[in-house]
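Understanding the architecture of this molecule
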Amino acid sequence: MSDNGQAAQTARTARTRWRRWHGHQRPQPRWAGQTALTWALVYAAFGLAAALTGTPLFRAGGTPAPAALDWAVVAVGALAATACAAVMRCGPRPWLRGLLFTVCGLTGLAAFSLLMDVITLIFGQGVDSWPAAANRALAALGTVLLAATGRSQRRPPAGTRAPAPSRAPARVQLAAVAGTVAFLPYCAMKTFWAFGGTFAGTDIAQILASSRRNGASAVWLTLESWGLDATVLLAALGLFLLWGLVRPWGQVFPRWTPLLRGRRVPRSLPLAPALLGAATLLPYGILGVGYCALATTGALTIRPGDFSSPQDALTVAWIGLTAFAGYGIALALATRSYWLRTRPLPGPASTSVSAGSRH
């Protein structure tokens, strides 16, 4: 082989290794199945210990669910262990892959409201139930591991490339606008309270007293005393995530990030919080809006809680749950669009793609 031919072959080899290192052709990790199998055994043992000791792992509203439901955790863990062991022995057959993703969906349901636990843990003194919170955390971990196992032996076709940054289609961006607008009344209400206003028969003094009584952390109380409501700050972060999913800058770190200028965002970085947020806020908001509708018609009775009357509590509930429902729907649509727009594409890495998207 001539020197030019050897140089060309060396260059192609270097490009291939570079693409594999950066994930364009890199296979999924082989240890995913073993890790998922270990998790499944731990999860089944966790559920068995809770069931034998009568420790509730689920909650219905604010009250513990029957401890008999703990056996569902044992069943899901055992089913997951069986599926993982079969995949490791027989490979990811289509029916085994389907079983893995079915169990993955079950663990995703079990992880519901984990986001609320994280928020409570950050700004409060603890969660309502540590066993229930541990169950949700383990279920969320299992969701990730089972999904990785389902894709663990799938290799992307050779010559794939990462798509260029693109914006979501107009309908998805319109949903993002609607999700943003849905949060405006909630943010306005919280900010109005934080700056000393009175709404729904409640002012900042009552809110601080209620927060102390409910075990709010010093960080939460300090922010409130400064006129900064912590949930409004979290809403701002949520909207930043939402718009990052639908705009091209969400796939590449902005120019004003000096340490990461021009670096492509790893696909999983925004998808992980987006999936967690959508899986939590969407059902929470929709079910909450349905509850508010029934309470408004008189079919259900709403408790006043920390408010002076049930009507005041209902007014605040409508504002908050409408915001969660609207944002949850927008986040789910934006997450799906981002997932589709960032899938590896066939073709050489130098080929460019249009900034538009049909997904």
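Not measured: the values here are computed from a predicted model.

**Re the overall build of the chain**
Check the secondary structure of the chain and you find 12 helices and 4 strands. A buried classification covers 40% of the 359 residues belonging to the chain. For the chain, long-range pairs separated by at least 24 residues make up 74% of all intrachain contacts whose partners lie at least 6 apart in sequence. Working note: accessible area of the chain is about 19700 Å², and carbon and sulfur atoms make up 66% of it.

**So, the environment of Leu 287**
When you line up the elements, Leu 287 lands in helix α11 (residues 268-297). The spacing of Leu 287 and Ala 325 is 38 residues in sequence and 8.5 Å in space, taken between C-alpha atoms.

**Side note on helix α10 (residues 230-246)**
Since the α-helix packs 3.6 residues into each turn, any two residues three or four apart lie on the same face. Helix length check: α10 (17 residues) gives 25 Å between terminal C-alpha atoms against 24 Å at 1.5 Å per residue, within 8%. Looking only at α10, the buried set comprises Ala 230, Thr 231, Val 232, Ala 235, Gly 238, Leu 239, Leu 241, Leu 242, Gly 244, Leu 245 and Val 246.

**Some details on the pattern of salt bridges**
Once the charged atoms of two side chains with opposite charge are near each other, the side chains can pair. Tallied over the full model, the rule gives 1 salt bridge. Between Arg 136 and Asp 117 there is a salt bridge, with the nearest N and O atoms lying 2.5 Å from each other. Of this pair, Arg 136 sits in helix α6 (residues 130-150) while Asp 117 sits in helix α5 (residues 114-123), and the two are 19 residues apart along the sequence. Each member of the pair, Arg 136 as well as Asp 117, is classed as buried.

**Brief notes about the nonpolar core**
Counting 37 residues, the largest nonpolar core has Phe 183, Tyr 186, Leu 242, Leu 245, Tyr 327 and Leu 331 as the members making the most contacts within it. Secondary-structure elements contributing two or more residues to this core are α7 (170-194), α10, α11 and α12 (310-341). Here Tyr 186 is in contact with Thr 231, Ile 319, Gly 320, Ala 323 and Phe 324, once residues within four sequence places are set aside. Counting residues in hydrophobic clusters, the runner-up holds 25 residues, among them Ala 36, Leu 57, Ala 81 and Cys 104.

**Digging into the confidence of the model for the chain**
Atomic detail in the predicted coordinates should be set aside for any region of low pLDDT. Across the chain, the average pLDDT comes to 80, with 79% of residues at or above 70. Looking at the elements of the chain, mean pLDDT is at its lowest for helix α1 (residues 3-21), recorded as 50, and at its highest for α12, recorded as 94. Scored below 50 in pLDDT, residues 349-358 shows 17 contacts in the model against residues more than four places distant or in partner chains.

**Regarding unusual backbone geometry**
For Ala 200, which is not glycine, the phi dihedral falls at a positive 55°. Here Ala 200 shows up in the loop between α7 and α8 (204-213).

**Focus on the environment of Thr 222**
As for its position among the elements, Thr 222 is in helix α9 (residues 218-225). Overall, Thr 222 belongs to the partly exposed group, its relative accessible area being 31%. In this structure the C-alpha to C-alpha distance between Thr 222 and Leu 208, which are 14 residues apart in sequence, comes to 9.8 Å.

Procedures and definitions
- Residues numbered from 1 in each chain as written.
- Predicted model: local features only at pLDDT ≥ 70, side-chain atom pairs only at ≥ 80, totals over all residues.
- Heavy atoms only, no water.
- Helix = DSSP H or I, 4+ residues; strand = E, 2+ residues; numbered from the N terminus.
- Buried < 20%, exposed > 50% of the residue type's maximum accessible area, 1.4 Å probe, protein only.
- Contact = heavy atoms within 4.5 Å.
- Areas by Shrake-Rupley, 256 points an atom, 1.4 Å probe, with all protein chains shown as cover.
- Expected span 1.5 Å × (residues − 1).
- Salt bridge = Lys/Arg side-chain N within 4 Å of Asp/Glu carboxyl O.
- Core = buried A, V, L, I, M, F, W, Y, C linked by side-chain atoms within 4.5 Å.
- pLDDT = per-residue confidence, 0-100.

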